[in-house]
Amino acid sequence: MDATIVSKLQKHYPVLLKEVISVISPQHGGTFIDCTFGQGGYSKKILEFQNTKVIAFDRDFESKKIADRFKQNFENRFLFKNIKFSQLNNLKLKNENIKGIIFDLGYSYTQIKDPKKGLSFEHEGKLNMQLGLNSYSAEDVINKLEEKELEKIFKFFGNEQDGKYIARNIVKYRTENKIDTKSLVKIIDKSKKRKNYKVHNATKVFQALRIFVNKEISELINGLINATKTLKKDGVLVVVTFHSLEDKIVKYFFKSLSQNKSISRYTPLTKQSEILFKLTSKKPLVPTEKEIKENPPSRSAKLRYVIKKKDFYNFDTDICDQFKKLIEIENFGNKLWINFL
Ligand SMILES: C[S@@+](CC[C@H](N)C(=O)[O-])C[C@H]1O[C@@H](n2cnc3c(N)ncnc32)[C@H](O)[C@@H]1O
(Lines give C-alpha, C1' and ligand atoms only; values in the text may rest on other atoms or scores of the structure.)
Protein backbone atom coordinates (compact mmCIF):
# COMPACT_ATOMS: atom_id res chain seq x y z
CA MET A 1 0.00 0.00 0.00
CA ASP A 2 0.97 3.61 -0.34
CA ALA A 3 3.40 4.74 2.27
CA THR A 4 4.55 7.90 0.66
CA ILE A 5 1.49 9.72 -0.28
CA VAL A 6 0.64 13.07 -1.72
CA SER A 7 -2.22 15.22 -0.47
CA LYS A 8 -4.55 17.26 -2.63
CA LEU A 9 -1.74 19.81 -2.74
CA GLN A 10 0.60 17.16 -4.18
CA LYS A 11 2.68 17.40 -1.04
CA HIS A 12 4.97 14.52 -0.24
CA TYR A 13 4.16 12.66 2.99
CA PRO A 14 6.52 10.07 4.45
CA VAL A 15 4.24 8.04 6.73
CA LEU A 16 4.83 7.97 10.52
CA LEU A 17 7.92 10.14 10.06
CA LYS A 18 7.85 11.61 13.58
CA GLU A 19 7.51 8.15 15.10
CA VAL A 20 10.35 6.69 13.00
CA ILE A 21 12.65 9.54 14.04
CA SER A 22 11.75 9.24 17.71
CA VAL A 23 12.49 5.49 17.64
CA ILE A 24 15.91 5.74 15.92
CA SER A 25 17.09 8.94 17.73
CA PRO A 26 19.39 10.44 15.06
CA GLN A 27 20.00 13.49 17.26
CA HIS A 28 22.90 11.53 18.79
CA GLY A 29 24.50 11.05 15.35
CA GLY A 30 25.50 7.72 13.75
CA THR A 31 25.03 5.71 10.57
CA PHE A 32 21.56 4.63 9.48
CA ILE A 33 20.34 2.42 6.65
CA ASP A 34 17.21 3.49 4.79
CA CYS A 35 16.25 0.30 2.93
CA THR A 36 13.40 1.97 1.00
CA PHE A 37 14.66 5.41 0.02
CA GLY A 38 11.68 6.25 -2.28
CA GLN A 39 11.49 10.04 -2.41
CA GLY A 40 13.99 10.32 0.43
CA GLY A 41 11.56 11.53 3.11
CA TYR A 42 13.13 9.57 5.96
CA SER A 43 16.73 9.97 4.74
CA LYS A 44 16.36 13.74 4.49
CA LYS A 45 15.04 14.04 8.03
CA ILE A 46 17.89 11.91 9.41
CA LEU A 47 20.51 13.92 7.52
CA GLU A 48 19.17 17.15 9.02
CA PHE A 49 20.81 16.02 12.29
CA GLN A 50 24.52 16.71 12.72
CA ASN A 51 26.99 13.81 12.60
CA THR A 52 24.62 11.42 10.86
CA LYS A 53 25.27 9.31 7.77
CA VAL A 54 22.72 7.51 5.62
CA ILE A 55 23.21 4.47 3.41
CA ALA A 56 20.08 4.19 1.27
CA PHE A 57 18.69 1.56 -1.11
CA ASP A 58 15.82 1.40 -3.52
CA ARG A 59 15.06 -1.10 -6.28
CA ASP A 60 13.45 1.63 -8.42
CA PHE A 61 15.92 3.37 -10.72
CA GLU A 62 13.79 6.54 -10.49
CA SER A 63 14.88 6.89 -6.84
CA LYS A 64 18.48 7.17 -8.02
CA LYS A 65 17.66 10.51 -9.65
CA ILE A 66 16.46 11.90 -6.31
CA ALA A 67 19.44 10.32 -4.57
CA ASP A 68 21.82 12.09 -6.98
CA ARG A 69 20.47 15.42 -5.72
CA PHE A 70 20.98 14.27 -2.11
CA LYS A 71 24.57 13.41 -2.98
CA GLN A 72 25.17 17.03 -4.02
CA ASN A 73 23.75 18.36 -0.75
CA PHE A 74 25.14 15.87 1.69
CA GLU A 75 28.28 14.59 -0.13
CA ASN A 76 30.15 12.05 2.01
CA ARG A 77 27.31 11.70 4.52
CA PHE A 78 25.06 9.97 1.97
CA LEU A 79 25.43 6.84 -0.15
CA PHE A 80 22.78 5.34 -2.45
CA LYS A 81 22.66 1.91 -4.09
CA ASN A 82 20.06 0.87 -6.63
CA ILE A 83 19.60 -2.62 -5.19
CA LYS A 84 16.92 -4.77 -3.60
CA PHE A 85 17.07 -4.70 0.20
CA SER A 86 17.35 -8.50 0.31
CA GLN A 87 20.90 -7.95 -1.02
CA LEU A 88 21.96 -5.73 1.83
CA ASN A 89 24.48 -8.22 3.14
CA ASN A 90 26.40 -8.03 -0.17
CA LEU A 91 27.64 -4.63 0.93
CA LYS A 92 29.78 -6.01 3.76
CA LEU A 93 28.57 -3.45 6.26
CA LYS A 94 29.32 -5.52 9.33
CA ASN A 95 32.22 -3.30 10.34
CA GLU A 96 30.12 -0.14 10.13
CA ASN A 97 28.52 0.87 13.40
CA ILE A 98 24.95 0.79 12.09
CA LYS A 99 22.62 2.37 14.64
CA GLY A 100 19.35 1.92 12.85
CA ILE A 101 17.83 0.16 9.84
CA ILE A 102 14.48 1.24 8.47
CA PHE A 103 12.04 -0.42 6.06
CA ASP A 104 9.03 1.53 4.79
CA LEU A 105 7.41 -1.18 2.70
CA GLY A 106 5.35 -1.13 -0.46
CA TYR A 107 5.33 1.58 -3.08
CA SER A 108 5.09 5.34 -3.24
CA TYR A 109 2.42 7.63 -4.60
CA THR A 110 4.72 8.57 -7.47
CA GLN A 111 5.07 4.93 -8.44
CA ILE A 112 1.35 4.18 -8.44
CA LYS A 113 0.68 7.31 -10.50
CA ASP A 114 3.27 6.30 -13.12
CA PRO A 115 1.34 4.61 -15.95
CA LYS A 116 4.53 2.85 -17.15
CA LYS A 117 4.71 0.96 -13.87
CA GLY A 118 1.16 -0.38 -14.44
CA LEU A 119 0.46 -0.72 -10.70
CA SER A 120 -3.00 0.79 -10.82
CA PHE A 121 -6.23 -0.59 -12.26
CA GLU A 122 -7.11 3.00 -13.12
CA HIS A 123 -4.55 3.19 -15.91
CA GLU A 124 -4.98 1.51 -19.25
CA GLY A 125 -2.20 -0.29 -21.06
CA LYS A 126 0.32 -3.02 -20.44
CA LEU A 127 0.21 -4.89 -17.16
CA ASN A 128 3.58 -4.37 -15.55
CA MET A 129 3.88 -3.89 -11.75
CA GLN A 130 7.68 -4.18 -11.70
CA LEU A 131 9.12 -1.76 -9.13
CA GLY A 132 12.63 -2.38 -10.47
CA LEU A 133 15.24 -5.16 -10.81
CA ASN A 134 12.55 -7.77 -11.51
CA SER A 135 12.63 -10.94 -13.57
CA TYR A 136 9.08 -10.88 -14.98
CA SER A 137 6.04 -8.63 -15.24
CA ALA A 138 2.38 -9.01 -14.28
CA GLU A 139 1.67 -9.51 -17.99
CA ASP A 140 3.89 -12.63 -17.98
CA VAL A 141 2.15 -13.90 -14.85
CA ILE A 142 -1.39 -13.40 -16.14
CA ASN A 143 -0.69 -14.71 -19.63
CA LYS A 144 1.61 -17.63 -18.81
CA LEU A 145 0.97 -19.20 -15.39
CA GLU A 146 -1.44 -22.09 -14.92
CA GLU A 147 -4.99 -21.61 -13.69
CA LYS A 148 -4.35 -23.31 -10.32
CA GLU A 149 -1.25 -21.17 -9.77
CA LEU A 150 -3.15 -17.95 -10.49
CA GLU A 151 -5.92 -19.03 -8.13
CA LYS A 152 -3.40 -19.54 -5.30
CA ILE A 153 -1.71 -16.20 -5.96
CA PHE A 154 -5.06 -14.38 -5.74
CA LYS A 155 -6.12 -16.30 -2.64
CA PHE A 156 -2.91 -16.16 -0.60
CA PHE A 157 -1.56 -12.75 -1.60
CA GLY A 158 -4.85 -10.92 -2.11
CA ASN A 159 -7.28 -12.85 0.10
CA GLU A 160 -9.54 -12.89 -2.97
CA GLN A 161 -12.39 -15.29 -2.33
CA ASP A 162 -13.47 -15.40 -5.97
CA GLY A 163 -9.95 -16.20 -7.21
CA LYS A 164 -11.05 -19.52 -8.65
CA TYR A 165 -13.57 -17.92 -11.05
CA ILE A 166 -11.21 -15.10 -11.93
CA ALA A 167 -8.37 -17.53 -12.74
CA ARG A 168 -10.73 -19.68 -14.82
CA ASN A 169 -11.91 -16.72 -16.88
CA ILE A 170 -8.35 -15.42 -17.35
CA VAL A 171 -7.28 -18.75 -18.85
CA LYS A 172 -10.38 -18.83 -21.08
CA TYR A 173 -9.89 -15.26 -22.33
CA ARG A 174 -6.16 -15.50 -22.99
CA THR A 175 -6.53 -18.32 -25.56
CA GLU A 176 -7.81 -15.62 -27.94
CA ASN A 177 -6.30 -12.35 -26.68
CA LYS A 178 -3.36 -11.10 -24.69
CA ILE A 179 -4.60 -9.68 -21.39
CA ASP A 180 -3.79 -6.06 -20.52
CA THR A 181 -4.86 -3.90 -17.56
CA LYS A 182 -8.24 -2.99 -19.05
CA SER A 183 -9.19 -6.53 -20.04
CA LEU A 184 -8.04 -7.90 -16.66
CA VAL A 185 -10.30 -5.42 -14.84
CA LYS A 186 -13.21 -6.51 -17.07
CA ILE A 187 -12.54 -10.20 -16.42
CA ILE A 188 -12.45 -9.57 -12.67
CA ASP A 189 -15.70 -7.57 -12.79
CA LYS A 190 -17.40 -10.35 -14.70
CA SER A 191 -16.07 -13.13 -12.45
CA LYS A 192 -16.76 -11.63 -9.01
CA LYS A 193 -19.61 -13.38 -7.21
CA ARG A 194 -19.20 -11.38 -4.00
CA LYS A 195 -19.20 -7.71 -4.86
CA ASN A 196 -17.91 -5.21 -2.33
CA TYR A 197 -19.23 -1.80 -3.10
CA LYS A 198 -16.74 -0.03 -0.81
CA VAL A 199 -13.58 -1.08 -2.65
CA HIS A 200 -12.91 -1.58 -6.35
CA ASN A 201 -13.46 -5.17 -7.50
CA ALA A 202 -9.90 -5.37 -8.83
CA THR A 203 -8.17 -4.20 -5.62
CA LYS A 204 -7.31 -7.63 -4.22
CA VAL A 205 -6.12 -9.18 -7.48
CA PHE A 206 -3.91 -6.16 -8.20
CA GLN A 207 -2.42 -6.32 -4.70
CA ALA A 208 -1.76 -10.04 -5.14
CA LEU A 209 -0.06 -9.51 -8.50
CA ARG A 210 2.13 -6.74 -7.13
CA ILE A 211 3.27 -8.88 -4.22
CA PHE A 212 3.97 -11.79 -6.57
CA VAL A 213 5.81 -9.84 -9.29
CA ASN A 214 8.06 -8.10 -6.76
CA LYS A 215 8.52 -11.24 -4.62
CA GLU A 216 7.61 -9.11 -1.64
CA ILE A 217 7.41 -12.03 0.80
CA SER A 218 10.92 -13.38 0.13
CA GLU A 219 12.26 -9.83 -0.12
CA LEU A 220 10.90 -8.98 3.31
CA ILE A 221 12.07 -12.22 4.96
CA ASN A 222 15.59 -11.96 3.52
CA GLY A 223 15.66 -8.23 4.19
CA LEU A 224 14.83 -8.79 7.87
CA ILE A 225 17.40 -11.58 8.25
CA ASN A 226 20.18 -9.58 6.55
CA ALA A 227 19.30 -6.38 8.41
CA THR A 228 19.56 -8.27 11.70
CA LYS A 229 22.97 -9.59 10.66
CA THR A 230 24.15 -6.08 9.81
CA LEU A 231 22.89 -4.29 12.89
CA LYS A 232 25.19 -3.74 15.90
CA LYS A 233 24.29 -4.19 19.57
CA ASP A 234 21.82 -1.48 20.69
CA GLY A 235 20.90 -0.78 17.06
CA VAL A 236 17.22 -0.39 16.16
CA LEU A 237 15.35 -2.25 13.44
CA VAL A 238 12.18 -0.46 12.31
CA VAL A 239 9.56 -1.70 9.85
CA VAL A 240 6.49 0.16 8.58
CA THR A 241 3.98 -2.22 6.96
CA PHE A 242 0.82 -1.59 4.99
CA HIS A 243 -1.00 -4.91 4.79
CA SER A 244 -1.65 -7.82 7.09
CA LEU A 245 0.65 -10.32 5.34
CA GLU A 246 3.67 -8.06 5.80
CA ASP A 247 2.73 -7.26 9.36
CA LYS A 248 2.32 -10.95 10.21
CA ILE A 249 5.85 -11.70 8.97
CA VAL A 250 7.43 -8.79 10.86
CA LYS A 251 5.49 -9.58 14.03
CA TYR A 252 6.54 -13.23 13.92
CA PHE A 253 10.20 -12.47 13.21
CA PHE A 254 10.46 -9.93 16.03
CA LYS A 255 8.58 -12.09 18.52
CA SER A 256 10.46 -15.30 17.73
CA LEU A 257 13.85 -13.65 18.29
CA SER A 258 12.73 -11.80 21.41
CA GLN A 259 11.88 -14.75 23.56
CA ASN A 260 13.53 -17.83 24.88
CA LYS A 261 10.83 -20.35 24.33
CA SER A 262 10.13 -21.73 20.89
CA ILE A 263 6.96 -20.47 19.18
CA SER A 264 5.82 -24.02 18.44
CA ARG A 265 6.24 -26.84 20.89
CA TYR A 266 7.04 -29.09 17.91
CA THR A 267 10.11 -27.06 16.96
CA PRO A 268 13.20 -29.11 17.88
CA LEU A 269 15.35 -27.71 20.69
CA THR A 270 18.28 -27.16 18.34
CA LYS A 271 16.11 -24.89 16.21
CA GLN A 272 14.87 -22.76 19.07
CA SER A 273 15.30 -19.05 18.67
CA GLU A 274 18.08 -16.94 20.13
CA ILE A 275 17.15 -13.98 22.31
CA LEU A 276 18.48 -11.35 20.05
CA PHE A 277 15.98 -8.53 20.33
CA LYS A 278 14.34 -6.43 22.95
CA LEU A 279 10.74 -5.98 21.87
CA THR A 280 9.58 -2.76 23.47
CA SER A 281 5.88 -3.19 22.77
CA LYS A 282 3.66 -5.94 21.41
CA LYS A 283 1.40 -3.33 19.88
CA PRO A 284 2.46 -1.45 16.74
CA LEU A 285 2.60 2.33 16.53
CA VAL A 286 -0.09 3.67 14.19
CA PRO A 287 -0.74 7.10 12.65
CA THR A 288 -2.55 9.73 14.70
CA GLU A 289 -6.01 10.88 13.66
CA LYS A 290 -4.36 14.09 12.46
CA GLU A 291 -2.00 12.21 10.14
CA ILE A 292 -4.83 10.07 8.78
CA LYS A 293 -6.88 13.19 8.13
CA GLU A 294 -4.04 14.85 6.25
CA ASN A 295 -3.07 11.69 4.46
CA PRO A 296 -5.92 9.12 4.45
CA PRO A 297 -4.02 6.15 2.94
CA SER A 298 -1.69 6.22 5.97
CA ARG A 299 -4.51 4.62 7.98
CA SER A 300 -3.27 1.10 7.25
CA ALA A 301 0.32 1.81 8.38
CA LYS A 302 1.80 -0.09 11.33
CA LEU A 303 5.24 0.54 12.77
CA ARG A 304 7.02 -2.21 14.70
CA TYR A 305 10.55 -2.03 16.05
CA VAL A 306 13.07 -3.95 18.09
CA ILE A 307 16.45 -3.19 19.65
CA LYS A 308 19.29 -5.64 19.05
CA LYS A 309 20.69 -6.80 22.36
CA LYS A 310 23.81 -8.70 21.26
CA ASP A 311 26.67 -8.43 18.80
CA PHE A 312 25.68 -11.85 17.47
CA TYR A 313 25.26 -12.60 13.77
CA ASN A 314 24.82 -16.33 13.11
CA PHE A 315 21.41 -16.65 14.69
CA ASP A 316 18.91 -19.35 13.87
CA THR A 317 15.42 -18.48 12.64
CA ASP A 318 12.52 -20.63 11.50
CA ILE A 319 10.86 -17.79 9.61
CA CYS A 320 11.28 -19.50 6.21
CA ASP A 321 9.55 -22.66 7.54
CA GLN A 322 6.83 -20.58 9.09
CA PHE A 323 6.00 -18.87 5.77
CA LYS A 324 6.98 -21.79 3.53
CA LYS A 325 3.64 -21.92 1.75
CA LEU A 326 3.88 -18.27 0.66
CA ILE A 327 7.49 -18.68 -0.49
CA GLU A 328 6.49 -21.75 -2.53
CA ILE A 329 3.76 -19.74 -4.23
CA GLU A 330 6.20 -16.93 -5.03
CA ASN A 331 8.50 -19.51 -6.59
CA PHE A 332 5.87 -20.29 -9.28
CA GLY A 333 7.46 -17.28 -10.97
CA ASN A 334 10.82 -19.04 -11.41
CA LYS A 335 9.64 -20.79 -14.54
CA LEU A 336 8.88 -17.43 -16.14
CA TRP A 337 12.55 -16.50 -16.32
CA ILE A 338 14.61 -19.69 -15.86
CA ASN A 339 13.59 -20.74 -19.41
CA PHE A 340 15.32 -17.70 -20.79
CA LEU A 341 18.71 -18.46 -19.22
C1 LIG B 1 6.73 3.54 0.60
S2 LIG B 1 8.04 3.89 -0.41
C3 LIG B 1 9.25 4.58 0.67
C4 LIG B 1 9.09 6.03 0.88
C5 LIG B 1 10.21 6.68 1.68
N6 LIG B 1 10.20 6.27 3.06
C7 LIG B 1 10.12 8.18 1.62
O8 LIG B 1 10.00 8.80 2.68
O9 LIG B 1 10.14 8.74 0.55
C10 LIG B 1 8.67 2.31 -0.65
C11 LIG B 1 9.88 2.27 -1.53
O12 LIG B 1 10.47 0.99 -1.34
C13 LIG B 1 10.98 0.54 -2.56
N14 LIG B 1 11.06 -0.92 -2.46
C15 LIG B 1 10.04 -1.79 -2.35
N16 LIG B 1 10.53 -3.04 -2.24
C17 LIG B 1 11.89 -2.95 -2.26
C18 LIG B 1 12.94 -3.89 -2.18
N19 LIG B 1 12.70 -5.19 -2.05
N20 LIG B 1 14.22 -3.44 -2.22
C21 LIG B 1 14.48 -2.11 -2.35
N22 LIG B 1 13.51 -1.17 -2.46
C23 LIG B 1 12.23 -1.58 -2.39
C24 LIG B 1 9.98 1.03 -3.58
O25 LIG B 1 10.57 1.11 -4.85
C26 LIG B 1 9.59 2.39 -3.01
O27 LIG B 1 10.37 3.41 -3.57
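Remember, predicted model here, so these are calculated numbers, not experimental data.

K.L.:
Please set out the overall build of the protein residue by residue, giving values where relevant.
P.N.:
Helix and strand counts for the protein stand at 15 helices and 10 strands. Taking 2.2 N^0.38 as the reference for a compact globule, 341 residues should give roughly 20 Å; the C-alpha atoms of the protein span a radius of gyration of 20 Å, in line with that estimate. If you line up the protein on its principal axes, its C-alpha atoms span 60 × 55 × 45 Å. When contacts within the protein are restricted to residue pairs at least 6 apart in sequence, those whose partners lie at least 24 apart make up 70%.

K.L.:
Quick rundown of the domain arrangement of the protein? Include the residues and the values.
P.N.:
Partitioning the protein into structural domains gives domain 1 (17-110 + 216-310) and domain 2 (114-214 + 326-340). Between the C-alpha centres of domain 1 and domain 2 there is a distance of 28 Å. The interface is formed by 12 residues belonging to domain 1 together with 12 residues belonging to domain 2. It is helix α10 (residues 216-230) that provides the largest number of residues to the side of domain 1 that touches domain 2, a total of 4 residues. Residues of the side of domain 1 that touches domain 2, tallied by class, amount to 4 nonpolar, 3 polar and 5 charged.

K.L.:
Any details on the nonpolar core? Residues and values, ideally.
P.N.:
Counting residues in each nonpolar core, the largest one holds 85 residues, and the members touching the most others are I102, L209 and V238. Sequence-distant contacts of L209, defined by excluding residues within four places in its chain, comprise M129, A138 and V141.

K.L.:
Tell me about the packing of helix α6 (residues 147-158) against helix α7 (residues 163-174), and name the residues and values.
P.N.:
The geometry of α6 relative to α7 is characterised by a closest axis approach of 8 Å and an angle of 140 degrees between their N-to-C directions. By the angle class used here, α6 and α7 are oblique. For the crossing formed where α6 meets α7, the hand is right-handed. Facing E147, L150, E151, F154 and K155 of α6, the residues of α7 in contact are G163, K164, I166, A167, R168, I170 and V171. A per-class count over the contact of α6 with α7 returns 6 nonpolar, 1 polar and 5 charged.

K.L.:
Which residues make up the sheet that holds strand β4 (residues 52-57), and what values go with them?
P.N.:
Strands sit in the order β5-β4-β3-β6-β8-β10-β9 across an open sheet of 7 strands; the sheet is mixed. With partners counted over all chains shown, the strands left at the sheet margins are β5 (78-81) and β9 (277-279), one partner each. The average undirected angle you get between the axes of adjacent strands in this sheet is 20 degrees. Both β9 and strand β10 (residues 302-308) contribute to a ladder of 3 bridges, which runs antiparallel. Residue L279 lies in a different strand from β10, and its bridge partner there is V306. Sheet contacts for helix α3 (residues 61-74): β4 and β5; angle to β5, the most-contacted strand, approximately 160 degrees. Contacting β8 (236-241), β9 and β10, helix α11 (residues 244-256) crosses the sheet at an angle of about 20 degrees to β10.

K.L.:
Before we move on, can you summarise α3 with the specific residues and values?
P.N.:
The end-to-end C-alpha distance of α3 is 20 Å, a good match for the 20 Å that 14 residues give at a rise of 1.5 Å each. Residues of α3 that are buried sit in contact with α2 (41-47), β4 and β5.

K.L.:
Lay out the environment of Y173 with the relevant residues and their values.
P.N.:
Counting through the fold element by element, Y173 comes out in helix α7. In this structure, the C-alpha to C-alpha distance between Y173 and K308, residues 135 residues apart in sequence, is 52 Å. Here Y173 is in contact with I179, S183 and I187, once residues within four sequence places are set aside.

K.L.:
Break down the pairing of β8 for me, citing the residues and quoting the values.
P.N.:
Counting buried positions over the 6 residues of β8 gives 6, a clear majority of the element. Side chains of β8 alternate between two faces, with V236, V238 and V240 and L237, V239 and T241 buried alike. Of the strand pairs in this sheet, strand β6 (residues 98-104) and β8 are connected by 5 bridges, and their pairing is parallel. Residue pairing across strands places G100 opposite V236, the latter belonging to β8. Where β8 lies against β10, 6 bridges are found, and the strand directions are antiparallel. Within β10, the position partnered with T241 by the bridge is K302.

Conventions used here
Residues numbered from 1 in each chain as written. Predicted model: local features only at pLDDT ≥ 70, side-chain atom pairs only at ≥ 80, totals over all residues. Helix = DSSP H or I, 4+ residues; strand = E, 2+ residues; numbered from the N terminus. Rg over C-alpha atoms; globule rule 2.2 N^0.38 Å. Contact = placed C-beta atoms within 7 Å. Domains from an automatic or database assignment. Nonpolar A, V, L, I, M, F, W, Y, C, P; charged D, E, K, R; others polar. Core = buried A, V, L, I, M, F, W, Y, C linked by C-beta atoms within 7 Å. Buried ≥ 20, exposed ≤ 12 C-beta atoms within 10 Å, placed from the backbone. Axes fitted to C-alpha atoms, helices over the stretch in contact; angles between N-to-C directions. Parallel < 35°, antiparallel > 145°, perpendicular 65-115°, else oblique. Left-handed = near helix turned anticlockwise from the far one by under 90°. Pairing = 2+ DSSP bridges. Expected span 1.5 Å × (residues − 1).

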